[in-house]
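Residues per chain, in single letters:
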2 protein chains.
Amino acid sequence: MPSPRILIHGGASVAFWRTATPGIRAQALRGLAAARDAGAAALRSGGSAIDAVCAAVMVLEDDPLFNAGTGGVRTSAGTLELDAALMCGATSRCAAICGVNRLLNPIDGCRRMLAEGKPVFMWGPHAEQRCLGLGAVLRRNDGPVPVESHAAGTVGALALDAAGHLAAATSTGGLAGKLPGRIGDSPVIGAGTWADHGCAVSCTGDGELFIRSAVAHSLALASGPLAVAAAQQLSRVAALGGMGGLIALRADGSLTAAVTGGDIARAWWTADGVSGDGLLAGDPWPA
Amino acid sequence: MPSPRILIHGGASVAFWRTATPGIRAQALRGLAAARDAGAAALRSGGSAIDAVCAAVMVLEDDPLFNAGTGGVRTSAGTLELDAALMCGATSRCAAICGVNRLLNPIDGCRRMLAEGKPVFMWGPHAEQRCLGLGAVLRRNDGPVPVESHAAGTVGALALDAAGHLAAATSTGGLAGKLPGRIGDSPVIGAGTWADHGCAVSCTGDGELFIRSAVAHSLALASGPLAVAAAQQLSRVAALGGMGGLIALRADGSLTAAVTGGDIARAWWTADGVSGDGLLAGDPWPA
């Protein structure tokens, strides 16, 4: 049985990471490491894969550098519309929300919905009301975000726990300047987020193309080396004219991060002592 | 090359169809035949698979016996929240909306969004505004539906056109008494609706379980006889404690309707002279 492990991403970008200042890059790597470490701590203390991915994603949602939760970018109307999804590979239970702006941690809202069972997918103010009713925490300021966001990308986390179970989580503010009401791939189970007994996947990039290609579910069903299968899925996105990236983790312990048309921020840890992080092509990659 | 063909469904139900009066059953069969014939007419006149599935679904959306469009059932708050999705197998272009109540024909709204390209998925009033801005037609009465709905099930249509291209469409009022904001599988590309070069699928039933199992996309990727693959997918839904049905059509011309835990309303037509319809297990089935 492979040791527990966690793999996270902080979004893919055509140019953000490669043109960022050294200070921003260092800040991003600190944020990724903090999220990775929060997930690792959950696994080390015997937590489930769901515990780990939620712990990691909440750290990234609270970090204004990433486009999720507190750092979510604005719509074309200047509003905040956050999407998130969570899936348990062992049970296929899942929860997803779209178009929320009053939750401090959308992924925590998903976790509360997942524990309830149904509905598994909700939109807008109804989704907020549901999550708040289940105990999710309000943002302190529920108006528009106070300063122009510099956030880069969607965030996601995958974990394998000591029981051999997988989980996947994705959280995002969506596309900067998006039309209000637009739903990207992150909360679409099978497109941007998926976990089953064999594989967990979290995606980031041109969301419409990930929906049209059902990327996360396609990759979970693919055979052969994981890195090759991931590249094949991203080549479908590229063939449609888009960019994006993903992370994937199999129950056999194999893990990969991949991107087409840009860079993807990533960090990983395994209980047998491997860890790393990176932003650009020349930085470390999980393998 | 197989001749053009269309296959539609009018929803799966544990008890509605088997306990309906002969008058209601006859009305349902007339509605299904009218929708099937509208799709067939589109194909006969050289229309695309997208033309055909939209023509068929619009007839069912306008028929108060079916749970879509005009006949959509109410939420627990007494409101109407309609979901719909459309996908073109040849291009992977798609469009989906959830939680709309002011559109006369949600599938027509999807068609207008699909023609635009992006976004491919939108929620609530923003989705309505987008579709209305693209020319979709308002319902005459945009308040709550005036009489208690007797609608049975979600509706869907699949077509194969003379160019060998597939399309899928699904439209629904969702679960009767659902929590406002709940999104079922119908508008989730890969769960309730899917089309690619090889296969098109439209599902109906316990939506949460179809999302958790990514049924439509799983079936599209399955090999072996279509009816066997469809039964395998529905057995996954049954294993999770639910009921539901689906229709599927492959580019080789094979087509099937299947249901677990109830009945599914269906009708079909092929340009080489086969047609039929049915509600109960003992009625005709496509093969």
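All values derive from a computational prediction rather than experimental measurement.

The subject of this paragraph is the overall build of chain A. Scanning chain A from N- to C-terminus turns up eight helices and twelve strands. Overall, chain A is about 45 × 40 × 35 Å in size when its C-alpha atoms are taken along their principal axes. For chain A, buried positions account for 62% of its 287 residues. Surface summary for chain A: the accessible area is close to 9,200 Å², and the carbon and sulfur share equals 56%. Within chain A, one finds 21 positive and 22 negative side-chain charges whose respective centroids are separated by 1 Å.

With that out of the way, let us pick up the sheet that holds strand β9 (residues 244-250) of chain A. All names here are of chain A. Strands sit in the order β7-β8-β9-β10 across an open sheet of four strands; the sheet is antiparallel. Both outer strands of the open sheet, β7 (193-195) and β10 (255-260), are each paired with one neighbouring strand and no more. Averaged over all neighbouring strand pairs, the angle between strand axes comes to 10°, with direction disregarded.

Next up on the list: the relation of the copies chain A and chain B. When chain A is fitted onto chain B, the two copies agree to an RMSD of 0.0 Å after a turn of 180° and an axial shift of 0.0 Å. On this basis, the relationship between the two copies can be described by a two-fold rotation axis. The residues that chain A uses at the interface reappear at the interface of chain B in 100% of cases, marking a shared surface.

In this structure, A:Pro119 follows A:Lys118 across a cis peptide bond, with omega equal to -10°. Tracing the chain through its elements places A:Pro119 in the loop between α4 (106-116) and β4 (121-123). One non-glycine residue, A:Ala214, adopts positive backbone phi at about 45°. Inspection of the secondary structure assignment puts A:Ala214 in the loop between α6 (207-213) and α7 (215-221). When its relative accessible area of 2% is taken as the criterion, A:Ala214 is described as buried. In this model, B:Ser92 sits at a positive phi of 65°, which is unusual for a non-glycine residue. Mapping B:Ser92 onto the fold places it in the loop between β2 (82-88) and β3 (94-100).

The next subject is the interface of chain A and chain B. Each partner contributes residues to the interface: chain A has 35 residues there, and chain B has 35 residues. Together chain A and chain B conceal approximately 3,000 Å² of surface at their shared face, both sides included; 71% is due to carbon and sulfur atoms. Interface area lost by chain A to chain B is led by A:Phe121, A:Trp123 and A:Arg212, which between them contribute 24%. Connecting chain A to chain B are zero salt bridges.

Here we come to α4(A). For an α-helix, 3.6 residues make a turn, and residues three or four places apart therefore share a direction. Residue and element names in this part refer to chain A. Of all the residues in α4, the buried ones are Pro 106, Ile 107, Asp 108, Gly 109, Cys 110, Met 113 and Leu 114. For α4, the secondary structure elements touched by its buried residues are α3 (49-61), β2 (82-88), β3 (94-100), β4, α5 (124-133) and β6 (166-172). Note on α4: the residue one or two positions beyond its end, Gly 117, has a positive phi of about 105°.

Once that is clear, we can look at the sheet that holds strand β1 (residues 5-13) of chain A. Residues and elements named next belong to chain A. Spatially, eight strands are ordered β4-β3-β2-β6-β5-β1-β11-β12 in an open sheet, and the strand pairing comes out mixed. Single-partner strands in this sheet number two, and they are β4 and β12 (275-278). Recorded for the sheet is a direction-independent mean angle of 10° between the axes of neighbouring strands. Two elements, strand β5 (residues 155-160) and β6, share six bridges in a ladder whose sense is antiparallel. Counterpart to Gly 156 in the pairing with β6 is Thr 170. Each of β1, β5, β11 (263-270) and β12 is contacted by helix α2 (residues 22-44), which is oriented at about 155° to β1, the strand it contacts most.

What follows covers the nonpolar core. In this structure, A:Phe121 and B:Phe121 are the most contacted members of the largest nonpolar core, which totals 89 residues. If sequence neighbours within four positions are ignored, A:Phe121 has contacts with A:Ala96, A:Ile97, A:Cys98, A:Met113, A:Pro187, B:Phe121, B:Gly181, B:Arg182, B:Ile183, B:Val188 and B:Ile211.

The next point concerns the environment of B:Ala230. Examined against the element boundaries, B:Ala230 turns out to sit in helix α8 (residues 226-239). For B:Ala230, a relative accessible area of 0% gives the class buried.

With that out of the way, let us pick up the pattern of salt bridges. Residue and element names in this part refer to chain B. The full count for this structure, using the stated rule, is 15 salt bridges over all chains. Here Arg 5 and Asp 272 are joined by a salt bridge, their closest N and O atoms 3.8 Å apart. Placement of Arg 5 in strand β1 (residues 5-13) and of Asp 272 in the loop between β11 (263-270) and β12 (275-278) is noted, with a sequence separation of 267 residues between them. We classify Arg 5 as buried; its relative accessible area is 9%. Residues Arg 36 and Asp 37 are paired through a salt bridge, measuring 2.7 Å at the closest nitrogen-oxygen approach.

On inspection of all chains with the given rule, the structure shows six aromatic pairs over all chains. Relative to B:Trp123, the ring of A:Trp123 has its centre 5.6 Å away and its plane inclined at 25°; by these criteria the two rings are stacked. Within this pair, whereas A:Trp123 is found in strand β4, its partner B:Trp123 is found in strand β4 (residues 121-123), the two belonging to separate chains. Comparing A:Trp123 with B:Trp123 shows no difference in burial state: the two are buried. Sitting above the plane of the A:Trp285 ring, A:Arg266 keeps its charged end 3.5 Å from the centroid.

The predicted coordinates ought not to be read in detail in places where the model reports low pLDDT. Chain-level statistics for chain A give a pLDDT mean of 95 and a share of 97% at 70 or above. The ipTM, which scores confidence in the relative placement of chains, is 0.97 for this predicted complex, and the corresponding pTM is 0.97.

Before going further, it helps to spend a moment on the side chain of B:Glu81. Locating B:Glu81 in the fold gives a position in the loop between α3 (49-61) and β2. Summary of buried charges: B:Glu81 has no salt-bridge partner, and the nearest side chain of opposite charge, B:Lys178, is 4.4 Å away. A distance of 2.9 Å separates a polar atom in the side chain of B:Glu81 from the backbone nitrogen of B:Gly181. Beyond its immediate chain neighbours, meaning those up to four positions away, B:Glu81 contacts A:Trp123, A:His126, B:Thr75, B:Gly99, B:Val100, B:Thr172, B:Gly173, B:Lys178, B:Pro180, B:Gly181 and B:Arg182.

Residue and element names in this part refer to chain A. Of note, Gly 241 is situated in the loop between α8 (226-239) and β9. We classify Gly 241 as exposed; its relative accessible area is 65%. C-alpha separation for the pair Gly 241 and Leu 209, spaced 32 residues apart in sequence, amounts to 8.5 Å.

Here we come to the state of the cysteines. All names here are of chain A. This structure, assessed with the given rule, holds zero disulfides over all chains. Not engaged in a disulfide, the cysteine Cys 131 finds its nearest cysteine sulfur in Cys 110; these two sulfurs lie 6.4 Å apart. Cys 199 supplies the cysteine sulfur nearest to Cys 203, a cysteine that is in no disulfide, at a spacing of 10 Å.

Criteria and cut-off values
Residues numbered from 1 in each chain as written. Chains lettered and ligands numbered in written order. Predicted model: local features only at pLDDT ≥ 70, side-chain atom pairs only at ≥ 80, totals over all residues. Heavy atoms only, no water. Helix = DSSP H or I, 4+ residues; strand = E, 2+ residues; numbered from the N terminus. Buried < 20%, exposed > 50% of the residue type's maximum accessible area, 1.4 Å probe, protein only. Areas by Shrake-Rupley, 256 points an atom, 1.4 Å probe, with all protein chains shown as cover. Lys, Arg positive; Asp, Glu negative; His and termini not counted. Charge placed at Lys NZ, Arg CZ, Asp CG, Glu CD. Pairing = 2+ DSSP bridges. Axes fitted to C-alpha atoms, helices over the stretch in contact; angles between N-to-C directions. Least-squares fit on C-alpha atoms with pLDDT ≥ 70 in both. Contact = heavy atoms within 4.5 Å. Buried area = accessible area lost by both parts, 1.4 Å probe. Salt bridge = Lys/Arg side-chain N within 4 Å of Asp/Glu carboxyl O. Core = buried A, V, L, I, M, F, W, Y, C linked by side-chain atoms within 4.5 Å. Phe/Tyr/Trp six-rings, centres within 6.5 Å; stacked < 30°, edge-to-face > 60°. Lys NZ or Arg CZ within 6 Å of the ring centre and 35° of its normal. pLDDT = per-residue confidence, 0-100. Polar contact = N/O pair within 3.5 Å; in protein donor to acceptor, adjacent residues only side chain to side chain. Disulfide = S-S within 2.5 Å.

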